[in-house]
Amino acid sequence: MGNCCICPSEQTIAVIESFGKFSHFAGAGCHCINCCTQSVAGTLDLRILSMNLAIETKTKNNVFVTVQTTIQYSVTPHNAQMNLDPDSEDEPDDKKKKGKGKSESTDAEELIQIRKPTLQGPPIQVPKSLSGQSEERYYLAYYSTSQLAVQVKALIEDSMRTTVAHFELDELFEIKDKIAYNLKKIVNVQMKQFGYVVHQVLLTDIDPVADVKNAMNAINAAQRRLKAAEAEAEAEKLKRVKQAEAEAAATHLAGKGIADARREIVHGLQDSVAAFQQEIAGMKSQEILMMVLATQYLDAMKEVATHSRTNTILMPSSPGAATDIFSSMRQSFTEAMLTVQSQSGGSSSSN
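Residues numbered from 1 in each chain as written. Predicted model: local features only at pLDDT ≥ 70, side-chain atom pairs only at ≥ 80, totals over all residues. Heavy atoms only, no water.

**Student:** Break down the overall build of the protein for me, citing the residues and quoting the values.
**Tutor:** Helix and strand content of the protein: nine helices and eight strands. A total of 351 residues make up the protein; the buried ones form 26% of that total. Look at the contacts in the protein between residues 6 or more apart in sequence, and 67% of them connect residues 24 or more apart. Total accessible area computed for the protein in this model is approximately 23,600 Å², and 53% of it derives from carbon and sulfur atoms. (Helix = DSSP H or I, 4+ residues; strand = E, 2+ residues; numbered from the N terminus. Buried < 20%, exposed > 50% of the residue type's maximum accessible area, 1.4 Å probe, protein only. Contact = heavy atoms within 4.5 Å. Areas by Shrake-Rupley, 256 points an atom, 1.4 Å probe, with all protein chains shown as cover.)

Below, the structure written as structure tokens:
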């Protein structure tokens with residue numbers, strides 16, 4: 001008579017009161033209560049909850065930034081210890097590797113000191129009728145505070161503004177993980193006394209004002225353009241050096257080729273003169289050389305005439321042109337021979 005059924009959802013605890021006084025907790029499933037004397041005062045969500053905060057603060061170099069912060073928390077699990085000692089918090093992996101001794105303190109740890117619980121209100125008398133630590137945590141989570149989110153938000157904002165004010169903007173991006181870790185320790189100390197535990201505190205974004213962000217991007221772009229210009233100039237320098245080295249090597253090889261070609265021409269002329277003297281007795285070397293040169297001259301003229309892409313060359317075409325050419329060639333060789341004889345005679349007289 002006067003019974004009602006209630007059905008709390010999975011991962012939800014219903015708080016049952018009798019005439020305004022706590023009676024018991026009802027887990028997931030169907031439960032019967034006395035509608036005349038009992039009522040459902042509220043429910044507790046046992047899942048992990050998330051709180052998102054956008055905290056506007058100022059850095060050491062007077063830059064206003066908005067720090068996006070996410071806090072993940074839940075009612076203290078049944079296997080957790082109600083320990084308010086901040087030193088018992090799990091440390092990050094990089095600190096565990098340093099051993100059990102006293103680790104080196106960072107700037108963030110020095111500025112964010114773990115505080116003793118400051119949100120503590122009047123002591124709550126936990127009913128003796130509760131069975132086990134789980135129900136004691138549920139009782140604290142429901143009855144110890146009515147605006148937990150507001151209190152946690154105020155604590156996070158105060159700690160964040162105090163910390164960020166000691167660092168410049170660039171340093172803030174570098175140590176944000178350390179700040180988040182220490183904020184987690186601070187909030188955990190405050191929330192454990194209310195039956196909650198913090199699983200994670202994340203600084204998801206550090207957003208400066210638009211003007212500062214544009215200035216930082218401009219500085220970064222200018223630095224990258226400077227590096228690109230230096231690299232381009234270095235590449236152009238290397239290209240020119242390599243080109244000069246290639247031209248020098250090509251000139252050297254071309255000169256060597258010309259010298260080798262002239263040497264072979266001289267050897268060929270010597271062989272031709274020797275062959276003429278052997279076949280035709282009585283001919284002088286000078287006459288034989290003139291004949292060979294004339295033959296080569298005629299061959300060159302034939303090559304010029306038969307080549308389709310040869311540039312136009314103006315040559316004398318009178319009947320006496322060949323005689324003039326031979327005379328010029330004979331005179332040049334005569335002068336060369338006289339010069340050689342005079343030099344050899346002067347050297348012998350000096351001896």
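**Student:** So what's going on with the nonpolar core? Residues and values would help.
**Tutor:** Counting 40 residues, the largest nonpolar core has Ile71 and Tyr196 as the members making the most contacts within it. With residues near it in sequence (within four places) discarded, Tyr196 still touches Leu44, Tyr73, Ser74, Val75, Thr76, Ala141, Leu148 and Met191. Within the second largest apolar cluster, five residues are counted, among which are Ile6, Ala14, Ala26 and Ile33. (Core = buried A, V, L, I, M, F, W, Y, C linked by side-chain atoms within 4.5 Å.)

**Student:** Give me a negative patch on the surface: which residues, what numbers.
**Tutor:** On the surface, Glu168, Asp170, Glu171 and Glu174 cluster together into a patch of negative charge. With respect to the helices and strands, Glu168 occurs in the loop between helix H4 (148–164) and helix H5 (169–174). Classification of Glu168 by relative accessible area gives partly exposed; the value is 37%. (Patch = residues over 30% accessible without salt bridge, like charges linked within 9 Å, V, L, I, M, F, W, Y side chains within 5 Å. Salt bridge = Lys/Arg side-chain N within 4 Å of Asp/Glu carboxyl O. Lys, Arg positive; Asp, Glu negative; His and termini not counted. Charge placed at Lys NZ, Arg CZ, Asp CG, Glu CD.)

**Student:** Please give an account of helix H3 (residues 132–143) that cites residues and values.
**Tutor:** The first and last C-alpha atoms of H3 sit 17 Å apart over 12 residues, in line with the 16 Å expected at 1.5 Å per residue. Among the residues of H3, those classed as buried are Arg137, Tyr138, Tyr139, Leu140 and Ala141. Contact partners of the buried residues in H3: strand S2 (12–18), strand S3 (21–26), strand S5 (38–45), strand S7 (64–75) and strand S8 (196–208). (Expected span 1.5 Å × (residues − 1).)

**Student:** Quick one: what's the story with the sheet that holds S8, residue by residue and with numbers?
**Tutor:** Taken in spatial order, the three strands make up an open sheet running S6-S7-S8, and their pairing is antiparallel. Pairing within the sheet leaves two strands with one partner each, and these edge strands are strand S6 (49–58) and S8. Pairwise comparison of adjacent strand axes, ignoring direction, gives a mean angle of 20 degrees for this sheet. Of the strand pairs in this sheet, S6 and S7 are connected by 10 bridges, and their pairing is antiparallel. Opposite Asn52, over in S7, you have Thr70 as the bridge partner. Where H4 meets the sheet, it contacts S6, S7 and S8, and its direction lies at approximately 35 degrees from that of S6. Against the sheet, helix H6 (residues 176–192) touches S7 and S8, its axis set at about 145 degrees to S8. (Pairing = 2+ DSSP bridges. Axes fitted to C-alpha atoms, helices over the stretch in contact; angles between N-to-C directions.)

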